[in-house]
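Structural overview
For reference, the chains in residue letters:
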Amino acid sequence: MSATPNRTAPESTFRASILRRLRHNVSKTSLRNPVILLRHFGIAPADVFVSSYPRSGSTWLRFLLYEILTGQTADFRVVNQVFPGVGNHRFAPRLLSGGGRLIHSHEPYRREYRKAVYLVRDIRDVVLSAYAREKATGLVRWEFRDYLIPFLRGRTNGFGSWQQHVRSWLDADIKTTGDLLVITFEDMRSDPQRVLVSVVKFLGADANLPVIQAAINNNSIERMRIKEDNSQDSLKSRTEDGRFVRKGSVEGWRKKLNDAQLRAISRYAGEELLRMGYAPTSEPSDLSQAPNRERPLQTQP
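Note that the structure is predicted; figures quoted are calculated from it, not measured. (Residues numbered from 1 in each chain as written. Predicted model: local features only at pLDDT ≥ 70, side-chain atom pairs only at ≥ 80, totals over all residues. Heavy atoms only, no water.)

Here's the deal with the confidence of the model for the protein chain
Of all residues in the protein chain, 77% attain a pLDDT of 70 or more, and the chain-wide mean is 83. This model gives residues 1-16 a pLDDT under 50, and the stretch forms zero contacts once residues within four places in sequence are excluded. Scored below 50 in pLDDT, residues 284-293 shows 21 contacts in the model against residues more than four places distant or in partner chains. (pLDDT = per-residue confidence, 0-100. Contact = heavy atoms within 4.5 Å.)

If you want it as structure tokens, here you go:
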């Protein structure tokens, strides 16, 4: 009598894939609204949010802040427990002065967010990263040429478009009170120590340079990819391009987007790109010279 093949693992993977696509599709409908309200229950005035549009580098920032504030080595499981996403914050430790918690969010600005760090990444790199990850995990099956316009219209996830997201945060009332710190992924890549000093001071913690540099060294892109490989909590990709931790490229779009695609992005998000100081598609970026750049708010030393 021949043995029956064991299909448990493939069947389980298939069911998980179907469930993941179902959740993803529901998240783009109005059914998500009551869920989002529930997730924001129990936010305290002392809590500080670290927010970004998806695929903007917030996981890297969370790993860095975890090590700086706790002195412990970060991995995916412990960071998700100590520095959780909104909705999982109830039992998060109160790491900040005044008993505040650090909470992660991909949501546009909400009035519950009384103090926040907002991380921005160039939409032209964001869309490439988002497409690669969603294609690798089975959330989309389109070619990129069919993905771009729905992405620009805010129809590929539940967080709206990149430009609407950026606008909601840059126009938030907490900006006028000094309770919003805007940073960019590109600045983090070029000078992580400077950016992290400003973030740590903004959080009311001690900006110890050796501690900050040690966290940077321990969470390089290469080491983050090793942590991803060793993690049981991150969804693995079968392709290099679809990894959760990719290459962290800056201006990688220059080699991948054609002129028509760049014109479409400028048509939908050009105003916000200029507002953040990102260079036009025809010029290399020099963010330090961009006159209209939304600069991070300075905290007192």
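So, the packing of aromatic side chains
Any two aromatic rings considered together are summarised by their centre-to-centre distance and by the angle between their planes. This model, assessed by the stated rule, comprises 13 aromatic pairs. Taking 6.1 Å as the distance between ring centres and 50° as the angle between the ring planes, the aromatic pair formed by W142 and Y147 counts as tilted. A relative accessible area of 35% places W142 in the partly exposed class. Residue classification places Y147 among the buried residues on the basis of a relative accessible area of 0%. Ring pairs connect the aromatic residues Y53, Y131, W142, F144, Y147 and F151, which therefore count as one cluster. (Phe/Tyr/Trp six-rings, centres within 6.5 Å; stacked < 30°, edge-to-face > 60°. Buried < 20%, exposed > 50% of the residue type's maximum accessible area, 1.4 Å probe, protein only.)

Observations regarding the sheet that holds strand β4 (residues 180-184)
Across the sheet, which stays open at both edges, the four strands sit in the order β2-β1-β3-β4 with parallel pairing between neighbours. Sheet topology places β2 (102-105) and β4 at the edges, where each strand pairs with a single neighbour. Recorded for the sheet is a direction-independent mean angle of 20° between the axes of neighbouring strands. Relative to β2, strand β1 (residues 48-52) runs parallel, the two being bridged by four bridges. What sits directly across from V50, in β2, is H104. Sitting on the sheet, helix α7 (residues 162-170) is in contact with β1, β3 (116-120) and β4, with an inclination near 145° to β3. (Pairing = 2+ DSSP bridges. Helix = DSSP H or I, 4+ residues; strand = E, 2+ residues; numbered from the N terminus. Axes fitted to C-alpha atoms, helices over the stretch in contact; angles between N-to-C directions.)

Brief notes about the nonpolar core
Ranked by internal contacts, the top residues of the largest apolar core, which has 39 residues, are V120, I123, F144, Y147, F151, W162 and W169. Taken together, the elements giving at least two residues each to this core come down to β3, α5 (123-136), α6 (144-152), α7, β4 and α12 (259-275). Top contributing element to this core by residue count: α5, with six residues. The residues contacting Y147, other than those within four sequence positions of it, are V127, A130, Y131, E134, V140, W142 and T156. (Core = buried A, V, L, I, M, F, W, Y, C linked by side-chain atoms within 4.5 Å.)

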